[in-house]
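Chain by chain, the residues:
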Amino acid sequence: FGSGWVWLVVNQKGDELSIVGTPNQDNPLMKGVLADGIAFPVMGLDVWEHAYYLKYQNRRPEYVSNWWNVVNWDKVSENCAYVIENHAGVPVRG
């Protein structure tokens, strides 16, 4: 993956989970980004340099490896269940 994001997504039907990458600021909800239409993110990983440079410099693999230690799997599971049940993206609450 280059600069951008890696996403765990559920398709619009709610029957397929996949990992996709998007360049720059793009995301799976944007029309035209994915070949199969839009998908609903349930988890995202920022792989832009700004996300890790201060602590990891150019060691992106180390950043990604350590990132797995802070994933909130309960929240990811909750997000996935919401998307499957509602066929819609997880609402953002502020």
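Every chain is numbered independently, its residues counted from 1 as its sequence is written. Local features in a predicted model are, by the rule used here, given only for residues with pLDDT of at least 70; side-chain atom pairs are given and counted only at 80 or more, and totals for whole chains, interfaces and linings are based on all residues. Only heavy atoms go into the side-chain values, all of them from the structure, while hydrogens and water stay out.

Trainee: For the overall build of the chain, give the residues involved together with the corresponding values.
Mentor: What counts as a helix is a DSSP run of H or I of at least four residues, what counts as a strand is a run of E of at least two, and both are numbered from the N terminus. Across its full length, the chain holds three helices and three strands. Secondary structure elements of the chain, listed N to C terminal, follow the sequence β-β-β-α-α-α. For the chain, the C-alpha atoms occupy an extent of roughly 40 × 30 × 25 Å along the three principal directions. Burial classification: accessible surface area is computed with a 1.4 Å probe over protein chains only, and a residue below 20% of its type maximum counts as buried, one above 50% as exposed, and the rest as partly exposed. Per-residue burial for the chain yields a buried fraction of 32% across its 94 residues. Looking at the chain, you have 7 positive and 10 negative side-chain charges, and the mean spots of the two groups are 4 Å apart. Residues scored as positive are Lys and Arg, those scored as negative are Asp and Glu, and His as well as the terminal groups of each chain are ignored. Where a charge sits is defined by one atom per residue type, namely NZ (Lys), CZ (Arg), CG (Asp) or CD (Glu).

Trainee: Pulling in residues and values, what's your account of the environment of Asp26?
Mentor: Within the secondary structure, Asp26 is located in the loop between strand 2 (17–23) and strand 3 (39–46). Look at Asp26 and you get buried, because its relative accessible area is 18%. Setting aside its immediate chain neighbours within four residues, Asp26 contacts Trp5, Trp7 and Val33. Contact definition: two residues touch when any of their heavy atoms are within 4.5 Å.

Trainee: Can you explain the pairing of strand 2? Please cite residues and give values.
Mentor: Should DSSP find at least two bridges between two strands, the strands are taken to pair. Of the strand pairs in this sheet, strand 1 (residues 4–11) and strand 2 are connected by seven bridges, and their pairing is antiparallel. Bridged to Leu8 within strand 2 is Ile19. What sits between the antiparallel neighbours strand 1 and strand 2 is a turn of five residues, in which Gly14 has the positive phi angle 80°.

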